[in-house]
Amino acid sequence: MKRIAVVASGCHFPLHFYEAMARQIMPEGWMMELFCISHRDPIFAKVEKENHKYKRGLRGKLDKILYKEMATKESIIARGWNYEEHPNTIGDWGNTNQWLDNHDYREYDLVLATHDDNLIIHDRLFADIIADGSFEEWDILSNSPGMPQGTIRGSFEMFKPKVFEVMGGKFDVSSISLTREGKTYASEDILELYDWNKFTSMMQKVIEKNQLRVGILSPAYRVSAYCIEGERGYISNTHSINTAFEDRGLKFLKDNKVI
C-alpha cells in the first residue's frame, strides 16, 4: 500500500478545507494520512472570521464558502485528522519541518504541504494525478506557477521523498529570522510576513542544484481546477501585480461552472 501524507498548516481553520481534504478519493492501492500542524488554537481564528467584512464579487463569495463554518480541534480530529499544536516559529514550510521532526518522510510516497486557507474544489486531486500517469514526470507538483514564473509559492505543493532526501530531511530555514511565536492573531498585512518569502529563493536553489522536476496543476497563479489558494487567509486578498493572472483562472472556472 502506497501512502500520502497531507501536512496542513493550522492557522485559519475553515471547516470546508478540512472536510474537503478528508473527502479526497484515493487511487487503488493508495492510502492517505492527514496531519494538522497547528500554530494557534482554532478559537482565535473563529473570532477573527466572525468580525471580518467580506468583500463583494466573486472573490468575496468564495471567501464566504470557505468560511461558512469554522473548525474546532474536536471537529478536525472527528474528520480523521491528526492534530498537533506547535509554536509558530516560522510559517509556511516551517510547520512541515515540525511534522518532519516527528515523522519519517521515507514512510510516504508523497507529501502534500498545504496552508488551510485554500478552497478545495475537487475530490479527485490524488486520483487524477496518479491515474493520468503524470505522477512519474515530476518531483514537486505545485498547484500553480509561482511569482516570478518558475518558482513555487509554498501554499500547496506535493513532494516526492527524493526532495526531502536532497535537502537533508528538512527545509533550510537558516536565512529566515521572523518568527511569530506567542502571537495568536493572523496578519493580513502583505508585508509583515515578507521575510518568510525567502523560502521561495531557497527552494529555487535546491531545485536548480539537484535538477528537480517541477510540475504545475494550472498556468493561472493561485488557481487550479482543484484548489484556489488563499492569500493571508482570504481568496479576496491579492497583490496588485498578480491580480490579473489570478482573475484569468477564476474566470475560466466560472465560465466552466466549476465555481
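Values in this document were obtained by computation on a predicted structure and should not be read as measured data.

Trainee: So what's going on with unusual backbone geometry? Residues and values would help.
Mentor: Not every positive phi belongs to a glycine, and F13 is a case in point at roughly 60°. For F13, a relative accessible area of 0% puts it in the buried group. For K257, which is not a glycine, the phi torsion comes out positive at approximately 60°. Residue position: K257 is located in the segment after helix 9 (243–255). The exposure class of K257 is exposed, given its relative accessible area of 73%.

Trainee: Describe in detail the packing of helix 3 (residues 57–66) against helix 9, supporting the description with residues and values.
Mentor: Geometrically, a packed helix pair is captured by the angle between its two axes and the distance between the axes. Remark: helix 3 packs on helix 9, axes separated minimally by 11 Å, with the N-to-C direction vectors making an angle of 70°. The orientation of helix 3 with respect to helix 9, classified from their angle, is roughly perpendicular. Of the residues in helix 9, those touching helix 3 at L58, R59 and L62 are T243, E246, D247, L250 and K254. Partitioned by chemical class, the residues of the contact of helix 3 with helix 9 number 3 nonpolar, 1 polar and 4 charged.

Trainee: For the side chain of E229, give the residues involved together with the corresponding values.
Mentor: Here E229 shows up in the loop between strand 9 (227–228) and helix 9. A distance of 2.8 Å separates a polar atom in the side chain of E229 from a polar atom in the side chain of N143. In this structure the side chain of E229 is engaged in a polar contact, spanning 3.1 Å, whose partner is the side chain of S144. Other than its neighbours up to four places away in sequence, E229 contacts D117, N118, N143, S144, R153, S155, R222 and I235.

Trainee: Any details on the pattern of salt bridges? Residues and values, ideally.
Mentor: Applying the stated criterion across every chain yields a total of 19 salt bridges. Close ionic contact of K73 with D41 constitutes a salt bridge, the shortest N to O distance being 3.3 Å. Of the two residues, K73 is situated in helix 4 (residues 73–78) and D41 in the loop between strand 2 (30–38) and helix 2 (42–50); the sequence distance between them amounts to 32 residues. Exposure remark for K73: the relative accessible area of 28% places this residue in the partly exposed category. Salt-bridge contacts for D101 lead to K170; the nearest nitrogen and oxygen are separated by 2.7 Å. Within this pair, whereas D101 is found in helix 5 (residues 94–102), its partner K170 is found in the loop between helix 7 (161–166) and helix 8 (198–210), the two being separated by 69 residues in sequence. Beyond isolated ion pairs, a larger network of salt bridges with shared partners links R59, R222, E246 and D247.

Trainee: With reference to specific residues and values, describe the state of the cysteines.
Mentor: Considering all chains together, one arrives at 0 disulfides under this definition. No disulfide involves C11; its nearest neighbouring cysteine sulfur is the one of C36, lying 10 Å away.

Trainee: Describe the sheet that holds strand 3 (residues 81–85), naming the residues involved and giving the relevant values.
Mentor: If you walk across this open sheet you meet the 7 strands as 3-2-1-4-7-6-8, and the pairing is mixed. Edge positions in the sheet fall to strand 3 and strand 8 (214–216), since each has one partner strand and no second. Pairwise comparison of adjacent strand axes, ignoring direction, gives a mean angle of 20° for this sheet. Judged from the 4 bridges that link them, strand 4 (residues 110–115) and strand 7 (residues 156–159) form a sheet pairing that is antiparallel. Counterpart to A113 in the pairing with strand 7 is E157. The strands that helix 5 touches are strand 1 (2–10), strand 2, strand 3 and strand 4; relative to strand 1, the one it contacts most, it runs at about 130°.

Trainee: Please give an account of the packing of aromatic side chains that cites residues and values.
Mentor: Summed over the entire model, instances satisfying the criterion amount to 16 aromatic pairs. Between F17 and W81, the aromatic rings sit 6.0 Å apart at their centres with planes inclined by 40°, giving tilted as the arrangement. Taken together, the residues F17 in helix 1 (residues 15–22) and W81 in strand 3 connect sequence positions 64 residues apart. Arranged with centres 5.6 Å apart and planes meeting at 55°, the rings of W99 and Y108 form a pair that is tilted. Exposure remark for W99: the relative accessible area of 0% places this residue in the buried category. Three or more aromatic residues link up through ring pairs in this structure, and these residues are W93, Y105, F159, F164 and F171.

What counts as what
- Residues numbered from 1 in each chain as written.
- Predicted model: local features only at pLDDT ≥ 70, side-chain atom pairs only at ≥ 80, totals over all residues.
- Heavy atoms only, no water.
- Buried < 20%, exposed > 50% of the residue type's maximum accessible area, 1.4 Å probe, protein only.
- Helix = DSSP H or I, 4+ residues; strand = E, 2+ residues; numbered from the N terminus.
- Axes fitted to C-alpha atoms, helices over the stretch in contact; angles between N-to-C directions.
- Parallel < 35°, antiparallel > 145°, perpendicular 65-115°, else oblique.
- Contact = heavy atoms within 4.5 Å.
- Nonpolar A, V, L, I, M, F, W, Y, C, P; charged D, E, K, R; others polar.
- Polar contact = N/O pair within 3.5 Å; in protein donor to acceptor, adjacent residues only side chain to side chain.
- Salt bridge = Lys/Arg side-chain N within 4 Å of Asp/Glu carboxyl O.
- Disulfide = S-S within 2.5 Å.
- Pairing = 2+ DSSP bridges.
- Phe/Tyr/Trp six-rings, centres within 6.5 Å; stacked < 30°, edge-to-face > 60°.

What is shown is where atoms sit, not what they do.
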